[in-house]
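These are the residues of each chain, in order.
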Amino acid sequence: MFIRLGFLIAAVSAHAAILNERFNAQQAYAYTAQVAAFGERWPGSPGHKKTEDLIHQVLQINGARIEADDFTATTPRGTVPVHNIIGKFNVSADPKQQILILAGHYDTLFQPGFIGANDGGSSTAILLAFADALATQKMKMQVWLVWTDLEEAINSFTGDDGLYGSRHLAQKLAANGTRSRVRGFFLLDMIGDKQLGVARETESNRPLQDVIARAAAQLGYSQYFFQYQVGIIDDHVPFIRAGIPAVDVVDAMYGRMGPTFDSMGEFHHANTDTIDKVSQRSLEVVGRTMLLTVELLDK
Ligand SMILES: [Zn+2]
């Protein structure tokens with residue numbers, strides 16, 4: 001009887017584990033390695049298709065409501081089919097239920113030999129690990145995981161080149177009236193590197209950054225967040241322009257910095273952005289902090 005009771009308690013508490021403790025960093029790293037091993041993942045490539053299949057598979061296993069946001073983008077390299085993938089969790093019958101969005105891009109740069117283990121890989125993978133954590137969790141709000149496509153510019157981030165998927169989705173949410181229900185949009189980008197330091201991105205929503213800072217402090221991770229400021233053009237920008245409070249959770253410095261390197265460090269948009277540059281610990285710090293942020297906002 002005693003053993004039976006103990007077993008029951010263990011089973012119940014495992015099921016009711018709080019959201020941020022359900023984040024499996026080892027699995028997040030394994031997903032990063034799996035996605036990086038798919039190779040180049042620019043739209044139309046075999047690696048891109050394999051990534052889409054993996055996202056669908058993980059969402060299905062975890063019982064998400066899957067939605068596609070597909071369109072054809074006009075780019076400097078001609079028309080490109082774009083597939084944003086949305087996995088919705090905890091959808092209630094309430095048409096006014098509030099929404100939190102966690103997003104990240106899954107495409108990689110059109111550059112021969114570019115793997116993007118951190119840039120494209122880590123964001124894809126941390127969202128997959130979020131899907132595993134969110135399965136069966138009951139909350140007040142809906143949580144959407146959004147894998148944006150064609151974030152990377154075909155040539156360079158000038159004018160209308162780049163952010164194709166996010167621009168399309170942000171305009172859609174504004175046009176169909178969903179915008180007013182979105183409490184926060186959190187973009188994750190390049191958060192798996194071995195020298196983790198999330199920037200205080202200057203265009204991002206300050207009150208939402210403060211919630212992230214509170215979550216980080218609670219977990220003992222303050223040193224990894226908001227120690228430097230920088231403005232970045234990323235997938236959060238179209239959502240800010242659409243009137244949605246948004247934050248770019250991005251590490252904008254990795255490896256050697258300086259005039260002879262890319263402005264975001266030596267591995268940024270370099271073919272050396274490979275799996276050995278990614279850290280399970282960094283994925284854990286960001287993953288748990290963002291899931292605790294979701295918990296704090298859901299109160
Ligand atoms: Zn990039």
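Residues numbered from 1 in each chain as written. Predicted model: local features only at pLDDT ≥ 70, side-chain atom pairs only at ≥ 80, totals over all residues. Heavy atoms only, no water.

(A) Inspection of the side chain of E266 at higher detail. Looking at the element boundaries, E266 is found in the loop between strand 8 (246–250) and helix 8 (280–298). Here R256 takes part through its backbone nitrogen, which lies 2.8 Å from a polar atom of the side chain of E266. The residues contacting E266, other than those within four sequence positions of it, are Y254, G255, R256, F261 and T272. (Helix = DSSP H or I, 4+ residues; strand = E, 2+ residues; numbered from the N terminus. Polar contact = N/O pair within 3.5 Å; in protein donor to acceptor, adjacent residues only side chain to side chain. Contact = heavy atoms within 4.5 Å.)

(B) Broad picture of the packing of aromatic side chains. Evaluation of the coordinates by the stated rule reveals six aromatic pairs. Seen in terms of ring centroids, Y221 and Y224 are 6.3 Å apart; in terms of plane orientation they differ by 65°. Their pairing is edge-to-face. When sorted by exposure, Y221 lands in the same class as Y224, which is buried. Above the ring of Y164, the side-chain terminus of R167 is found at 5.0 Å from the ring centroid. Lying across the ring of F226, R200 places its NZ or CZ 4.5 Å from the centre. (Phe/Tyr/Trp six-rings, centres within 6.5 Å; stacked < 30°, edge-to-face > 60°. Buried < 20%, exposed > 50% of the residue type's maximum accessible area, 1.4 Å probe, protein only. Lys NZ or Arg CZ within 6 Å of the ring centre and 35° of its normal.)

(C) Here's a closer look at the nonpolar core. Membership of the largest hydrophobic core comes to 58 residues, with the highest contact counts inside it found for F130 and L145. Apart from the residues within four sequence positions on either side, L145 is in contact with I85, I86, G87, F89, L102, L127, F130, A131 and L134. In this structure, I99, L169, F185 and A242 belong to the second largest nonpolar core, which totals 16 residues. (Core = buried A, V, L, I, M, F, W, Y, C linked by side-chain atoms within 4.5 Å.)

(D) Main features of the environment of R281. Relative to the helices and strands, R281 is located in helix 8. The sequence separation of R281 and T79 amounts to 202 residues, and the corresponding C-alpha distance is 39 Å. Dropping the residues within four chain positions of it, R281 is found in contact with Y221 and Y224.

(E) Representation of the sheet that holds strand 1 (residues 65–75) in the model. Judged by pairing direction, the sheet is mixed, and its six strands sit side by side in the order 1-2-4-3-5-8 without closing on themselves. Each edge of the sheet is formed by a strand with only one pairing partner; in this case those strands are strand 1 and strand 8. For this sheet, the mean angle separating the axes of adjacent strands, direction not counted, is 20°. Here strand 2 (residues 78–89) pairs with strand 4 (residues 142–148) via five bridges, running antiparallel. For F89, the partnering residue across the bridge sits in strand 4 and is V143. (Pairing = 2+ DSSP bridges. Axes fitted to C-alpha atoms, helices over the stretch in contact; angles between N-to-C directions.)

(F) Seen up close, the side chain of D149. Note on placement: D149 falls in the loop between strand 4 and helix 5 (164–175). The buried charged residue D149 lacks any salt bridge, with R41 as its nearest oppositely charged partner at 9.7 Å. Among the polar contacts listed, one links the side chain of D149 to the side chain of Y106, at a separation of 3.4 Å. Apart from the residues lying within four places of it in its own chain, the contact partners of D149 are P43, H48, P81, V82, H83, N84, Y106, D107, Y164 and G165. (Lys, Arg positive; Asp, Glu negative; His and termini not counted. Salt bridge = Lys/Arg side-chain N within 4 Å of Asp/Glu carboxyl O.)

(G) How the structure looks around the packing of helix 3 (residues 46–61) against helix 4 (residues 117–134). At a minimum axis separation of 9 Å, helix 3 and helix 4 run at an interaxial angle of 15°. By the angle class used here, helix 3 and helix 4 are roughly parallel. In the packing of helix 3 onto helix 4, the handedness of the crossing is left-handed. In this structure, helix 3 contributes T51, L54, I55, V58 and L59 to the contact, and helix 4 contributes T124, L128, A131 and D132. Residue composition of the contact of helix 3 with helix 4, by class: six nonpolar, two polar and one charged. (Parallel < 35°, antiparallel > 145°, perpendicular 65-115°, else oblique. Left-handed = near helix turned anticlockwise from the far one by under 90°. Nonpolar A, V, L, I, M, F, W, Y, C, P; charged D, E, K, R; others polar.)

(H) Geometry of the pairing of strand 2. As paired elements, strand 1 and strand 2 share eleven bridges and run antiparallel to each other. The residue of strand 2 that forms the bridge with T74 is T79. Linking strand 1 back to strand 2 in an antiparallel pair, the connection comprises two residues.

(I) Broad picture of unusual backbone geometry. Positive phi, close to 50°, is recorded for L150, a residue that is not glycine. Looking at the secondary structure, you find L150 in the loop between strand 4 and helix 5. Residue class for L150 comes out buried when judged on its relative accessible area of 0%. Phi at F226 is positive, roughly 60°, even though this residue is not glycine. In this structure, F226 sits in strand 7 (residues 225–230).

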